[in-house]
Amino acid sequence: MDAGAASVGTEAPLSTLLRKETKVAHRLAEGTRLARAFFTGKLTVARYAEGLARLYPVYAAMEDALRALSADHPLRGFCLPRVFRADAMLADLRYFGVSPEPLRAGAATRYLARVVELTQPVQTLLVAHAYVRYMGDVSGGILAGRVAQRVLRLPSREGLAFFAFEGIPEPDVFRREFRALLDALPRDRAGTRAIVAEANLAFDLNRALADEVWDA
Ligand code: HEM
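Quick notes on the rules
Residues numbered from 1 in each chain as written. Predicted model: local features only at pLDDT ≥ 70, side-chain atom pairs only at ≥ 80, totals over all residues. Heavy atoms only, no water. Patch = residues over 30% accessible without salt bridge, like charges linked within 9 Å, V, L, I, M, F, W, Y side chains within 5 Å. Areas by Shrake-Rupley, 256 points an atom, 1.4 Å probe, with all protein chains shown as cover. Salt bridge = Lys/Arg side-chain N within 4 Å of Asp/Glu carboxyl O. Lys, Arg positive; Asp, Glu negative; His and termini not counted. Charge placed at Lys NZ, Arg CZ, Asp CG, Glu CD. Helix = DSSP H or I, 4+ residues; strand = E, 2+ residues; numbered from the N terminus. Axes fitted to C-alpha atoms, helices over the stretch in contact; angles between N-to-C directions. Parallel < 35°, antiparallel > 145°, perpendicular 65-115°, else oblique. Left-handed = near helix turned anticlockwise from the far one by under 90°. Contact = heavy atoms within 4.5 Å. Nonpolar A, V, L, I, M, F, W, Y, C, P; charged D, E, K, R; others polar. Donors = N, O, S within 2.8 Å, 3.2 Å for Na, K, Ca; no water. Phe/Tyr/Trp six-rings, centres within 6.5 Å; stacked < 30°, edge-to-face > 60°. Buried < 20%, exposed > 50% of the residue type's maximum accessible area, 1.4 Å probe, protein only. Near = heavy atom within 4 Å. Polar contact = N/O pair within 3.5 Å; in protein donor to acceptor, adjacent residues only side chain to side chain. Core = buried A, V, L, I, M, F, W, Y, C linked by side-chain atoms within 4.5 Å.

Points about a positive patch on the surface
Residues Arg19, Lys20, Lys23 and Arg27 make up a contiguous surface patch of positive charge. For the positive patch, the secondary structure elements donating two or more residues are helix H2 (14–21) and helix H3 (23–30). With respect to the element layout, Arg27 can be found in helix H3.

A look at the packing of helix H7 (residues 107–117) against helix H8 (residues 126–137)
Orientation of H7 relative to H8, taken along the N-to-C sense of each, is 130 degrees, at an axis distance of 9 Å. Relative to H8, H7 is oriented oblique. Crossing handedness for the pair H7 and H8: left-handed. Two secondary-structure elements touch here, H7 through Tyr111, Arg114 and Val115 and H8 through Leu126, His129 and Arg133. Class assignment of the residues belonging to the contact of H7 with H8 gives a composition of three nonpolar, one polar and two charged.

Re the coordination of the iron atom of the ligand
Among protein atoms, the single one acting as a donor to the iron atom of the ligand is His26 (NE2), 2.0 Å away. Along the chain, His26 falls in helix H3.

Remarks on the packing of aromatic side chains
Per the stated rule, a full pass over the model turns up 12 aromatic pairs. Taking 5.9 Å as the distance between ring centres and 65 degrees as the angle between the ring planes, the aromatic pair formed by Tyr59 and Tyr134 counts as edge-to-face. Separated by 75 residues along the polypeptide, Tyr59 in helix H5 (residues 45–67) and Tyr134 in helix H8 bring together distant segments of the chain. Site record: aromatic cluster; members linked through ring pairs are Phe38, Phe39, Tyr48, Tyr59, Phe84, Tyr95, Phe96, Tyr134, Phe162 and Phe163.

So, the side chain of Glu63
Assignment of secondary structure puts Glu63 in helix H5. Buried charge without a salt bridge: Glu63, with Arg67 as the nearest opposite-charge side chain at an N-O distance of 4.7 Å. Discounting residues that sit within four places of it in the chain, Glu63 has contacts with Phe84, Arg85, Ala86 and Tyr134.

A few points about the environment of Phe78
Mapping Phe78 onto the fold places it in the loop between H5 and helix H6 (86–96). Along the backbone, Phe78 and Tyr131 are 53 residues apart, and their C-alpha atoms lie at a distance of 9.6 Å. Excluding anything up to four places from it in sequence, Phe78 contacts Leu66, Phe84, Val127, Phe178, Leu181, Leu182 and Leu185.

Examining the site of the ligand
Taken together, 17 residues lie near the ligand, and Arg19, His26, Phe39, Tyr131 and Arg179 sit nearest. Within the side chain of His26, an N or O atom sits 2.8 Å from a nitrogen atom of the ligand. Arg179 places a polar side-chain atom, nitrogen or oxygen, 2.6 Å from an oxygen atom of the ligand. Those elements that provide at least two residues to the shell around the ligand are H3, helix H4 (33–39), H8, helix H9 (140–151) and helix H11 (189–215).

Examining the nonpolar core
One finds Phe38, Val83 and Phe178 to be the most contacted residues of the largest nonpolar core, which totals 72 residues. For this core, the element with the highest residue contribution is H5, accounting for 13 residues. Ignoring sequence-local partners within four residues, the contact set of Phe178 consists of Phe78, Leu80, Ala130, Tyr131, Tyr134 and Met135.

Have a look at this one:
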């Protein structure tokens, strides 16, 4: 048995490490001016839609790559269409009359570039990006969805497909399943460290994107 394999048995599960070691990053993500403005009803629909437009290509790149994985790829289990958001985002953007124009610079571009880099070909590190977005969407995102119509002053649920998880009636069950997938990933100690670092980077990229949208 090599040193890497030996360490797997003694290390905490990946899902536990990710939750613990991104705590600070999560707190910072919760505290962005954009997130605070959303929850206090101070975010305009236009700015919300702008954020969605900048985030859309990131989801599209990640989801296209996950859908195209071969059956024997280690990340194949993360092809989870019930949580995928790109189609819902596109529907919302259409409702808001915004098209996700490709940008050439800035935080959204950096975020997209990093995700694209990890999809050509798909590297295990991409799982960190799936974790940060999908576990976030099915956790805090559920709370956000409950208040979205009110805080964005929308006349109906139209435009809020991003928050509607029709294929996920029980978020807790999804989160449990997602954690089990994380914990089953073959990895050694260095691989684990790299995934945790990538998750922190993904939080940073999200925070920068939120700041960029707020300051635009
Ligand atoms: C004001 C904004 C936010 C609120 C109120 C919020 C709230 C929450 C809550 C309540 C949980 C569940 C904690 C648990 O069950 O243990 C959670 C988990 C999570 N959130 Fe957020 N969140 C926010 C922003 C974000 C952002 C911007 C991201 C990433 C871009 C994010 C990513 C995550 C992740 C990855 C988890 C799963 C943690 C784990 O169990 O491993 N959150 N969030």
